[in-house]
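This is what each chain is made of:
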Amino acid sequence: MKLSVAIFFTLWAAMVQAQYFNEPVDTKLPSPQQTLGHAVGEWHARHDQIQRYFETLAESSDNAMLEVIGYSHEQRPLLQLVISSPENLAKLDEIRQQHQAQAKQQQTIASDAPVVIWLGYGVHGNEPSAANAALVLAHYLTAVKTEEVAAWLSQAVILIQPSLNPDGHDRFAHWANMHKGSKPVADPQHREHIEPWPNGRPNHYWFDLNRDWLLLQHPESQARIAQFQQWLPNVVGDFHEMGTNSSFFFQPGIPSRNYPLTPKRNFELTAAIAQFHAAAFDAQGQLYYSEESFDDFYVGKGSTYPDVNGSVGILFEQASSRGHVQESINGLLRFSDTIKNQFTASLSTIRGAIAKRMDLLQYQQEFYQSALQQAKVYKYKGYMLTDDGDSSRLHTLLDILQRHHIAVYPLSRDWQDGDYKYLAGQSYFIPLQQVQYRLIKAAFSTEKEFKDNTFYDVSSWTLPYAFNIEFKAVSREPGRALASQQWQAVPGFRQPLPADAYAYIFSWQDQQAPLLLQALLEDGMVVRTALQRFSAQTSDTTVTFQPGSMMVAAGLQQKADWFTRLQQLQQQHGVKVHAIRTGLTPEGSDLGSHNFAVVNKPEVLLIAGPGINSTEAGEVWYNLERLAGISPSMVEPDRLARINVNRYTHIILPDGNYGQWQDSQIKKLKQWTEQGGVLWGHKGGAAWLAKAGLLRAEVWQSSEMQQLIPSQDVAYGDREALAAKQRIAGAIFSAELDLTHPLTFGVPRARLPLFKNSTMLLQPSSLPFVNVGLYSENPHLAGYAASEYVPRIALGAALIAHNLGRGRVIGMTDNPVFRGYFYGSSRLLVNAMFLGNSFNAPIQSE
């Protein structure tokens, strides 16, 4: 009986396997269907099922080794299956070290050196054919015993990451599976094919992880890049899905939209490997295309980041069934068909990489060698970064650079470069004379003019602008002023506090200060904030404090253990707290003055749901938690009329369409604000506040901005170019802030870089004290924007704030928390949470 069951399952496995490949397999090794209990593609495999199969396979096969390289936000393991010959796996670390030495240290390439192939699946959770194809591929590479596969495994180390976004993957898998009936429904209008907000594409915090390769704001990306830099793959397969009525895309992409620092040889190798994809799909009679639709420009996505790191990144896009089967212009598109195409492209990638093994290894070596040669003759020697009083924010940027294996050196002594003096302990040098020359130039790029002005994603991402860190390209090196060791992160301030002080004060400039403040407020402590500059006396010196500094006065505390908790929280957050011995101050207001305003614990409501930009709502959510310690309540727009808003101190309207809100919702928000609430909106949220009459501002809408660009007599064939010119896909502009305003406290300089990816523009107010930030006279810092737009943007308002009854209304033209990494402008939103009631800008009554 047992033998009959075993034979049955073996025959069944062979039968369902045939839909993907026909080669005989080693039946001693488990197949995906034996582990899943169903054929691949019959249901959407969950991440835990993928994990279980990979674990079972790694235990059974001499050709596979499974690693957990990290965990997602929801604590799902991030998997990496390493497949190669048993001989290679036995010396895997030796191979990796040799590979690094060949690439970066110019070590002679061994004739039998394996090529490293990285296959990354499912960075977008609702593009499931990729992750499910990883199951089929892993089975094929371990169970098929042909001479070709054996040659592959001896000549390659294949890294399979089956689900780069397991949280989003499971969100979509659950949705698709819960709507599958006894017969799959192909109707495009069927509920299965229409995902609910926020859908399965993003990660837990609704971020697009395929935009985070450079920015590294999430644990999934950090784990991925750690492996990438450890292995330096020669080829990276980046597997995605696109619209249902498409076919299959593989790179090369649009030739005019490649990133300019990517060597020409990269595109030649991409085209050479494309021949293998074409041959594979030709043999199956499958439709496909290349050199259209997709570019290779933004270096923070999965097919372009490899290109500036010595690899050949290849994007694949499969038409999506968005469920189990769906009608398309090409006929019925089954989930199993989409999986098969991704599997086919995976095999053709391996086949092409093996055929071009020595070419790829030599190219990678030449990539890093030419980087050093180019750096040697480049007009600049590197970049200087300067600490502006917020070492935490600067160190966050330095940590990102080091995760990309970019060397950063502190100055050990002061250094003069022309009119600039860089101080030891506050200045850092990033030499261009290092193998990551191209990646450094990309990360610091301030280009504004491009060969092709059409961008699939953003046109600028300058890291120091995002962190609001002063930087300068220098034409000589600091020489002896440079420390001999690279920068290393050090723990924050941890000095014990004396117990008998009159008050305890900490600066508002450091990025960690809001986190400490929120922790104090949650612990029931009474905190005041300074509205003006002052000085105070410690036991041994006089300290000057800037506006926004936070005071914990001993005489105001109600809890018996408050000082113990203050010490514990200060140690936890690493913020320097000064013990002040007297309330009399040598300069500015005394500590009992009304110029020290009450700070209350924020209770924040974030509008998030259908109609709202889920990415930007997620960015607000994530940054409030990380930078302010605030976990907001989230409510869908259509529930506003039914909820009790009086429990909240702040309501945030991110970008979105608020057209469903009518007079009753406007009246509710107005009454709530007049009673003391702080109402914030940015981009579409700000525009709606203005339209509703809650924000006293006029708006230049996108339609009005587009009229600045002539469109008469434009040929039909130029319509795409016109559309590209009319949009701002993503550029960086600067605003001038009023640093005396509480919403700007802690910002180090008046000029603040802002990320702009919308043409909506708030107009300045004619009322006094309302314009908190206006765009600079020459605002364009980096990225593409039509020349017709820039003068109009220079006339616009970046941040407007005023009273409404006892409350406040704040509107911002741009998204202050773009992709989570714009730490500089994020401070404006954080300040609104804690200092939003600390200013007074009355407007005329209606």
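Cut-offs applied
- Residues numbered from 1 in each chain as written.
- Predicted model: local features only at pLDDT ≥ 70, side-chain atom pairs only at ≥ 80, totals over all residues.
- Heavy atoms only, no water.
- Helix = DSSP H or I, 4+ residues; strand = E, 2+ residues; numbered from the N terminus.
- Rg over C-alpha atoms; globule rule 2.2 N^0.38 Å.
- Contact = heavy atoms within 4.5 Å.
- Areas by Shrake-Rupley, 256 points an atom, 1.4 Å probe, with all protein chains shown as cover.
- Lys, Arg positive; Asp, Glu negative; His and termini not counted.
- Charge placed at Lys NZ, Arg CZ, Asp CG, Glu CD.
- Buried < 20%, exposed > 50% of the residue type's maximum accessible area, 1.4 Å probe, protein only.
- Polar contact = N/O pair within 3.5 Å; in protein donor to acceptor, adjacent residues only side chain to side chain.
- Pairing = 2+ DSSP bridges.
- Axes fitted to C-alpha atoms, helices over the stretch in contact; angles between N-to-C directions.
- Core = buried A, V, L, I, M, F, W, Y, C linked by side-chain atoms within 4.5 Å.
- Parallel < 35°, antiparallel > 145°, perpendicular 65-115°, else oblique.
- Left-handed = near helix turned anticlockwise from the far one by under 90°.
- Expected span 1.5 Å × (residues − 1).
- Salt bridge = Lys/Arg side-chain N within 4 Å of Asp/Glu carboxyl O.
- Phe/Tyr/Trp six-rings, centres within 6.5 Å; stacked < 30°, edge-to-face > 60°.
- Lys NZ or Arg CZ within 6 Å of the ring centre and 35° of its normal.
- Right-handed = clockwise from strand over helix to strand, strands pointing away.
- Nonpolar A, V, L, I, M, F, W, Y, C, P; charged D, E, K, R; others polar.

Asker: Please clarify how the overall build of the protein chain should be interpreted in this entry.
Answerer: Broken down by element type, the protein chain carries 24 helices and 33 strands. Relative to the compact-globule value of 28 Å for 846 residues, the protein chain shows a C-alpha radius of gyration of 29 Å, a close match. Principal-axis analysis of the C-alpha atoms gives the protein chain an extent of 85 × 70 × 65 Å. A separation threshold of at least 6 residues defines the contact pool for the protein chain, and within that pool the share at least 24 residues apart is 79%. Accessible area for the protein chain stands at about 32500 Å²; split by element, carbon and sulfur atoms hold 48% of it. Across the protein chain, the mean location of the 69 positive side-chain charges is 3 Å away from that of the 79 negative side-chain charges.

Asker: Help me understand the side chain of S370 in this model?
Answerer: Examined against the element boundaries, S370 turns out to sit in helix 12 (residues 357-377). Using a relative accessible area of 19% as the deciding quantity, one classes S370 as buried. Among the polar contacts made by the side chain of S370, one reaches the side chain of R438 at a distance of 2.8 Å.

Asker: Just checking my understanding: could you explain the sheet that holds strand 20 (residues 550-553) for this structure?
Answerer: What holds strands together in a sheet is hydrogen bonding between their backbones, with the strands either parallel or antiparallel. Pairing in this open sheet of 5 strands is antiparallel, and the strands run 21-16-20-17-22 from one edge to the other. Two strands lie at the open edges of the sheet, namely strand 21 (577-580) and strand 22 (596-599), each paired on one side alone. Taken pair by pair, the neighbouring strands of this sheet meet at an average axis angle of 30°, ignoring direction. Running at roughly 145° to strand 16 (residues 503-506), helix 16 (residues 513-522) makes contact with strand 16, strand 17 (527-530), strand 20, strand 21 and strand 22 of the sheet.

Asker: Could you clarify how one ought to interpret the sheet that holds strand 2 (residues 77-83) in this entry?
Answerer: Strand order across the open sheet formed by 7 strands is 1-2-4-3-5-7-6, with mixed pairing between neighbours. Of all strands in the sheet, those with a lone pairing partner are strand 1 (64-71) and strand 6 (248-250), marking the two edges. Strand-to-strand twist across the sheet, computed as the mean angle between neighbouring axes with direction ignored, equals 20°. Inspection of the sheet shows strand 3 (residues 115-121) paired to strand 5 (residues 235-242) by 5 bridges, in the parallel sense. Following the sheet pairing, W118 is matched in strand 5 by V236. Strands in contact with helix 7 (residues 147-155) are strand 2, strand 3 and strand 4 (156-161); relative to strand 4, the strand with the most contacts, it is inclined by about 90°.

Asker: Looking at this structure, I do not really get unusual backbone geometry. What am I missing?
Answerer: A negative phi angle is the norm for most residues apart from glycine, just as the trans form is the norm for most peptide bonds. Note the cis peptide between W197 and P198, where omega equals 5°. Between Q251 and the following residue, P252, the backbone shows a cis peptide bond with an omega angle of 20°. The residue P252 is located in the loop between strand 6 and helix 10 (264-284) in this model. If you check the backbone angles, Q106 has positive phi at about 60° while not being a glycine. With respect to the secondary-structure elements, Q106 resides in the loop between helix 5 (92-104) and strand 3. Unusually for a residue other than glycine, N199 sits at a positive phi of about 70°. Among the secondary structure elements, N199 is positioned in the loop between helix 8 (166-178) and helix 9 (219-231).

Asker: In this structure, what is going on with the nonpolar core? I would like to understand it.
Answerer: A general trend in soluble globular proteins is that nonpolar side chains are found buried together. Membership of the largest hydrophobic core comes to 172 residues, with the highest contact counts inside it found for Y504, W688 and F834. Ranked by size, the runner-up nonpolar core spans 61 residues in total, among them L141, F250, V312 and I339.

Asker: Is there a simple way to think about the packing of helix 10 against helix 11 (residues 335-355) in this case?
Answerer: Helix-helix packing is described using two parameters, namely the angle between the two axes and the distance between the axes. Following both chains from N to C, one finds helix 10 and helix 11 inclined at 140°, their axes separated by 8 Å at the closest point. As far as their axial angle goes, helix 11 and helix 10 are oblique. In the packing of helix 10 onto helix 11, the handedness of the crossing is right-handed. Where helix 10 abuts helix 11, its residues I273, F276, H277, A280, F281 and Q284 lie against K340, N341, T344, A345, S348, T349, R351, G352 and A355.

Asker: So what exactly am I meant to see when it comes to the pairing of strand 8 (residues 325-328) here?
Answerer: Strand residues, when the strand is regular, have side chains that alternate between the two faces of the sheet. Here strand 8 runs beside strand 9 (residues 331-334); their pairing, made up of 4 bridges, is antiparallel. Its bridge partner lying in strand 9, E327 is registered against L332. The turn linking strand 8 back onto strand 9 is made up of 2 residues.

Asker: Explain helix 22 (residues 719-726) to me, please; I cannot follow it from the model alone.
Answerer: Along an α-helix, residues three or four apart share an orientation, since each turn contains 3.6 residues. Those residues of helix 22 that sit buried are L722, A724 and Q726. Of the surrounding elements, those touching the buried residues of helix 22 are helix 21 (702-706) and helix 23 (789-793).

Asker: What should I look at first to understand the environment of A641 in this one?
Answerer: Structurally, A641 is set in the loop between strand 24 (633-635) and strand 25 (650-653). Owing to a relative accessible area of 44%, A641 belongs among the partly exposed residues under this scheme. C-alpha of A641 to C-alpha of H277: the two residues are 364 residues apart in sequence and 54 Å apart in space. Those residues in contact with A641 that sit more than four places away from it in its chain are Q665 and K668.

Asker: What is the right way to look at helix 6 (residues 129-143) in this model?
Answerer: Between its terminal C-alpha atoms helix 6 stretches 21 Å, which fits the 21 Å expected from 15 residues at 1.5 Å a residue. The element helix 6 is largely enclosed, with a buried count of 15 among its 15 residues.

Asker: Can you walk me through the pattern of salt bridges in this structure?
Answerer: Two side chains that carry opposite charge are able to pair once their charged atoms sit near each other. Taken as a whole and assessed by the stated rule, the structure comprises 30 salt bridges. Between R749 and D388 there is a salt bridge whose closest N-O contact spans 3.1 Å. Taken as a pair, R749 in the loop between strand 28 (731-737) and strand 29 (751-756) and D388 in the loop between strand 10 (382-386) and helix 13 (391-403) lie far apart in primary sequence, 361 residues in all. Its relative accessible area of 17% is what places R749 among the buried residues.

Asker: Sorry, what's going on with the environment of L627 here?
Answerer: Residue placement: L627 occurs in helix 18 (residues 614-628). Separated by 199 residues in sequence, L627 and S826 have C-alpha atoms that sit 8.2 Å apart. Apart from the residues lying within four places of it in its own chain, the contact partners of L627 are Q511, P514, L515, Y823, S826 and V830.

Asker: Which parts of the structure should I look at to understand the packing of aromatic side chains?
Answerer: Geometry of an aromatic ring pair is reported as the spacing of the ring centres plus the angle between the planes. If you walk through the whole model with that rule in mind, you get 50 aromatic pairs. Look at F534 and F545: their rings are 5.2 Å apart centre to centre, the planes differ by 20°, and that puts the pair in the stacked class. Here F534 is found in strand 18 (residues 534-537), whereas its partner F545 is found in strand 19 (residues 542-545), with 11 residues between them in sequence. Pair check on accessibility: F534 and F545 agree, each one buried. Feature note: the residues Y121, F239, F248, F250, F281, Y288 and F316 constitute an aromatic cluster, connected by ring pairs. Above the ring of W213, the side-chain terminus of R224 is found at 4.3 Å from the ring centroid. The side chain of R719 reaches across the aromatic face of Y716, ending 4.0 Å from its centre.

Asker: Got a minute to help me understand the pairing of strand 26 (residues 678-682) in this structure?
Answerer: Buried residues dominate strand 26, accounting for 5 of its 5 residues. Sheet topology note: the strand 25/strand 26 ladder contains 4 bridges and is parallel. If you follow I652 over to strand 26, its bridge partner there is W680. You can see the chain leave strand 25, run along helix 19 (residues 663-674) and come back into strand 26, and the turn it takes is right-handed. As defined by bridge partners, strand 26 adjoins strand 33 (residues 807-812) across 5 bridges and the pair is classed as parallel. Looking across to strand 33, one finds that G681 is bridged to G811.

Asker: What is the right way to look at the packing of helix 6 against helix 11 in this model?
Answerer: Close contact between helix 6 and helix 11 brings their axes to 8 Å; oriented N to C, the two are set at 55°. With respect to each other, helix 6 and helix 11 are oriented oblique. Between helix 6 and helix 11 lies a crossing of right-handed hand. Seen from helix 6, the contacting residues are S129, A130, N132, A133, V136, L137, Y140 and L141; seen from helix 11, they are F335, T338, I339, Q342, F343, S346, L347 and I350. Residue classes in the contact of helix 6 with helix 11 are distributed as 11 nonpolar, 5 polar and no charged.

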